[in-house]
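Listed below are the residues making up each chain.
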Amino acid sequence: MMGMNPRQMKKLMRQLGIKMEELEGVKEVVLRFEGKEIVLKEPAVTVMVVQGEKTYQIVPGSEEVREVLEIPEEDVQLVMEQAGVDRETALKALKETKGDIAEAILKLTGE
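Note that the coordinates shown come from a computational prediction; the quantities given were computed from them, not determined experimentally.

Examining the packing of aromatic side chains
Now for step 1: Enumeration according to the criterion identifies zero aromatic pairs in this entry.
Now for step 2: Taking NZ or CZ as reference, lysine 36 lies 5.6 Å from the ring centre of phenylalanine 33, over its face.

Remarks on the domain arrangement of the protein chain
Now for step 1: Splitting the protein chain by domain gives domain 1 (12–67) and domain 2 (73–109).
Now for step 2: For domain 1 and domain 2, the distance between their C-alpha centroids amounts to 38 Å.

Concerning the pattern of salt bridges
Now for step 1: Throughout the structure, instances matching the rule amount to seven salt bridges.
Now for step 2: With a closest N to O distance of 3.5 Å, lysine 41 and glutamate 64 form a salt bridge. Highlighted residues: lysine 41 in strand β3 (residues 36–41) and glutamate 64 in strand β6 (residues 62–67), separated in sequence by 23 residues.
Now for step 3: We classify lysine 41 as partly exposed; its relative accessible area is 27%.
Now for step 4: Taken together, the salt bridges that share partners define one network made up of Arg32, Glu37, Lys41, Glu64 and Arg66.

Details of the sheet that holds strand β2 (residues 28–33)
Now for step 1: The strand order β2-β3-β6 describes an open sheet built from three strands, whose pairing is antiparallel. At either end of the open sheet lies a strand with only one pairing partner, and these are β2 and β6. On average, adjacent strands in this sheet sit at an angle of 15 degrees to one another, irrespective of strand direction.

So, how was this worked out
- Residues numbered from 1 in each chain as written.
- Predicted model: local features only at pLDDT ≥ 70, side-chain atom pairs only at ≥ 80, totals over all residues.
- Heavy atoms only, no water.
- Phe/Tyr/Trp six-rings, centres within 6.5 Å; stacked < 30°, edge-to-face > 60°.
- Lys NZ or Arg CZ within 6 Å of the ring centre and 35° of its normal.
- Domains from an automatic or database assignment.
- Salt bridge = Lys/Arg side-chain N within 4 Å of Asp/Glu carboxyl O.
- Helix = DSSP H or I, 4+ residues; strand = E, 2+ residues; numbered from the N terminus.
- Buried < 20%, exposed > 50% of the residue type's maximum accessible area, 1.4 Å probe, protein only.
- Pairing = 2+ DSSP bridges.
- Axes fitted to C-alpha atoms, helices over the stretch in contact; angles between N-to-C directions.

So, in structure tokens, the structure goes:
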């Protein structure tokens, strides 16, 4: 296949039932894991359909790994009740204290 011109390549792929398409305007792709996420910025994304199966090829421009703190809803509710604050305030305090319920309550009540 080396030296094959792009037109011949497309024709051969069409005969084999392979469709390829570049996705335009993709800003980022996020891969989420337990406790972290990988953000692929400005990726080149190609969609390939072979025998009805769709696959994606992603080539990132850059990559960023972020830690993600997942706070259970029960913890948010407990801080809301104990500190007498709204959900947004309780969630912010829990994030600032990295999920430490007691520390979040103390921070909000000033004790």
